[in-house]
Amino acid sequence: MAMYAMMVLIRRFELRMTEIFAARIRAGDFPGALHSSEGQEAIAVGVCNALEQGDYVFSTYRGHGHALARGLDLKRIVAELNGKATGVSGGYGGSMHLYAADLHFMGGNGIVGGGLPLALGTAYASVKRGDGRVTVAFFGDGGASIGLFHESVNMAAVKKWPVLYVCENNQYAATTHVSKNCPLENIADRSKAYGIPGIVVDGNDVMTILDVTAEAAERARRGSGPTLIECKTYRHRAHCMVIPEHRPNQERQAWGQRDPIERFGELLTERGIADEAMLAQVRDAQDRKLADAVRFMEESPAPNPALLEEVLFA
Amino acid sequence: MRKLKLIQALNEAIREAMSDSDDVVCFGEDMGDYGGVWALSKGLQKQFGEQRVFDTPLAEAAIVGTAVGAAMAGLRPVIELMYIDFSTIAMDTLINQMAKARFMSGGQFSMPVTIVAPCGAGTCEASQHSQSLEAWFLNSPGIKVAMPSTVYDCKGLLAAAIAEDNPVMVLWHKGMYDVSEELPEGRWTVPLGSAAVRRVGTQVTVVSYSLMARRVLEVAEKLSGEIDLEVIDLRSLNPIDERTIIESVRKTGKLLVVHESPVRCGVGADVVRRVVEQAMSALTSPPRVLGGRDVPIPFAKSLESACIPQADDIERTLRHMV
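Criteria and thresholds
Residues numbered from 1 in each chain as written. Chains lettered and ligands numbered in written order. Predicted model: local features only at pLDDT ≥ 70, side-chain atom pairs only at ≥ 80, totals over all residues. Heavy atoms only, no water. 1 Å grid on protein atoms, 1.4 Å probe; cavity = no way out; pocket = protein on both sides within 12 Å on 5 of 7 lines; lining within 4 Å. Points joined across faces, edges and corners; volume = space filled by probe spheres on them. Nonpolar A, V, L, I, M, F, W, Y, C, P; charged D, E, K, R; others polar. Pairing = 2+ DSSP bridges. Helix = DSSP H or I, 4+ residues; strand = E, 2+ residues; numbered from the N terminus. Axes fitted to C-alpha atoms, helices over the stretch in contact; angles between N-to-C directions. Contact = heavy atoms within 4.5 Å. Buried area = accessible area lost by both parts, 1.4 Å probe. Salt bridge = Lys/Arg side-chain N within 4 Å of Asp/Glu carboxyl O. Polar contact = N/O pair within 3.5 Å; in protein donor to acceptor, adjacent residues only side chain to side chain.

Once that is clear, we can look at empty space enclosed by the protein. If you walk through the whole model with that rule in mind, you get five cavities of 30 Å³ or more. Taken as a whole, the largest cavity holds about 50 Å³ of empty space. Taken together, Phe58(A), Tyr99(A), Met106(A), Gly107(A), Gly108(A), Asn109(A), Leu118(A), Met72(B), Gln97(B) and Ala101(B) form the lining of the largest cavity. Considering only residue class, the lining of the largest cavity consists of six nonpolar, four polar and no charged.

Laid out in C-alpha cells, this is it:
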C-alpha cells in the first residue's frame, strides 16, 4: 500500500507542478524546464523500494519520481522546482538537479546520461570500503546512445563494480523514436557486449520491477558485478513543457490502457489488500500533502546571491 | 637535501598523501602495476594495493566520472590524464559534472578531485599532444588550476591540491620533465593562489608561469645590468594572486605577460584587465602579452618554435618597452 501511495504521490505531484508552471508561464514568467514522469511511476517506486538505506542513486532530468521514492522531502522538492532557498538544492539546481547528500541521492542531471560515469565512482567507493552498498544509475532510451553509456558499462563490467543500470525506455528521446536510436529490439541486449546480465521488464509493472531490482542488487552486493535492466514504459506527456505533443494518438491510447497506477490499484483490489474507497483515500491524502508543500514553497524566501561564491568552493 | 626530478616530486606528494589518508586513491590509464606512462604512480600499487591504485580502461570521460563519483562518496581521488589534450574527451565530466556538482547541490557535496596532466609544446608531438589548455578551465567556474615552474612547487602545489576539498588541476610542462632540483627532506605545501616573486626589479614587471617563467628568468639574468626586471611566477591561475601583480606594476609602471597558450582570451588578457582596472594610472607604457601564435601547434621543430614565445622574442619585446 505504501508503494501505491508513493506512485499516486508522484502522479499528483507531476500534475500539480505542471499546473503551477503553466500558470507561471501564462503570467509571463519563465520558470525553467519541467520534465514530467507521469506514466513512469512504477519504475521509480519499484527500483527504490528494492534498495537499502545507504545505497546510491543517480537520477536524470526526469527525476522527480526518483527523488520522492527515495524519500526526499516533498515540501523541499516543490520549493526547489520553484527556485526557493528552502529547496533540496537551495535553489541552485532546480527541477533537473535535485540532490540529497544525506540520503545518497546523487543528483538529477541536465546532461543526458550524465550520471552514468559518476555511478562508477560511488560503486568503486563501496567496493574499496567493503560497505556492501549498490549504486543505481537511471537513464533513458536516449541516454543509451551516448558514448559514456558504453564507457561506463564496460568499466563497471571489467571491474565488477556494483552498479544497477536502469534504463527507463519510454520509447522517445525527446521526439525521436527508440528505433532510430537503437538497432536492437531491446536496449538490454547491449549487455551481451559487456558480458553482464541484461533484463527486459514491463516498466509499468511495479512488482516485477521490485523483484528484478532486488535480485540484481543482491548479485551486485555479492561482488558479481553490474546488471542492465531495461524497463519498457511510456510517458504520459511530451518530452517537456515547451515541446508540443507529437506522438501518434493510437500509440498514446494503447499505452494509456496499461497505466501503472491503475494496474497496481487493480492488483491490490484483486488481492483484497485494498478497495476502491481506500485507494480514493490515498489520493485525497496525497493531495492534502501536496497542498501543504505548495503553501510551504509559496512562503519560502528566494536564495541569497551573497552566498554564490561560498557555495562554489568548499 | 637530495636531488629530485619533477615526476619523482609529484610521485612523492601522492605517496605521502596516500600514507596520511586511506581515502586518497590513484587510478587511470596505465596507473596500476606499470606506474603510469610518465611514472607518476611508480611503486604506488605495490605499496598501497590494487584497491587504491589501479588501471582503468582507456576511457578518459569514465575515469574522470569515476573520480567525481568517488569524491562525492568521500574519497580523495588523484587521477592522471596522460596528456591535457585528452581532456577534450572528458569535457562533460570535467565541466558539467566535476566543476558543478557541489554548486548545483547548494553546497552539499565536496569535490576533492586532483587531476595531474602534462601540457605544453616543445617535444615535436604535433597539435594533439602539445597544447596548453588552461584558459578553458579558467573559464569554467568551479575548477582550480595550478601550473608550477619548479620541482619544489610541483610537490608543494600537488600536496596542497590533494588536501583541497575542491577540484584542482595540476598541470606540469613536458619541457620540465628532466628538470631536477635540490630539495629539502620531508613534506611541504605551496598554497594555491600565492605567486612567487622570482626576481626583484624596478623597470618592468614580467608575469609568467610554468615553463615560460623559467624562460623569462633566463632572459632576466641575461639582461641584468641593462634592464632590471621583476619576475612574478603565478604558480596558480585560479585562484590568482592579483595583489602581488598589482603591487609590482605600481612599482615598475610596466607590464609584460608571457605564456605559451594562445594570447586570445588567455591568462595574459585576464592579467592585463586586472592591471588596467586597478593600476591604470601607474602604467607608463601599454601593457603587453606574449603568447602562443593563433594556430594549432605544428609538428616540425622549425614550425613549432615559431608558435611559442622564445627567449629572443621576450628580449626583443622588453627592449621595445623600455
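Picking up where we left off.
For the rest of this paragraph, the subject is the sheet that holds strand E6 (residues 198-202) of chain A. Residue and element names in this part refer to chain A. With parallel pairing, five strands are arranged side by side in an open sheet as E1-E2-E3-E7-E6. For this open sheet the edge positions go to strand E1 (56-58) and E6, each flanked by a neighbour on one side alone. On average, each strand axis in the sheet is inclined to that of its neighbour by 20 degrees, with strand direction left out of account. With six bridges joining them, strand E2 (residues 135-140) and strand E3 (residues 163-169) adopt parallel strand pairing. Bridge assignment links Val136 to a residue of E3, and that residue is Leu164. Along the sheet, helix H7 (residues 206-221) makes contact with E3, E6 and strand E7 (227-232), crossing E7 at roughly 170 degrees.

We now examine the interface of chain A and chain B. Of the residues lining the interface, 36 residues belong to chain A; the matching set on chain B comes to 45 residues. Interface of chain A and chain B: buried area, both sides summed, is about 3300 Å²; carbon and sulfur atoms make up 68% of it. The three residues of chain A that bury the most area against chain B are Tyr124(A), Lys128(A) and Phe313(A), which together make up 20% of that side's buried surface. In this structure, the salt-bridge partner of Lys128(A) is Asp22(B), at a minimum N-O distance of 2.8 Å. At the surface where chain A touches chain B, the tally comes to 13 residue pairs in polar contact (both at pLDDT 80 or more). Looking at the side of chain A that touches chain B, the elements with two or more residues in it are helix H5 (116-129), helix H6 (147-159) and helix H11 (308-312) of chain A. Ranked by the residues each element gives to the side of chain A that touches chain B, the list is headed by H5(A), at 10 residues. When its residues are assigned to classes, the side of chain A that touches chain B shows 23 nonpolar, eight polar and five charged.

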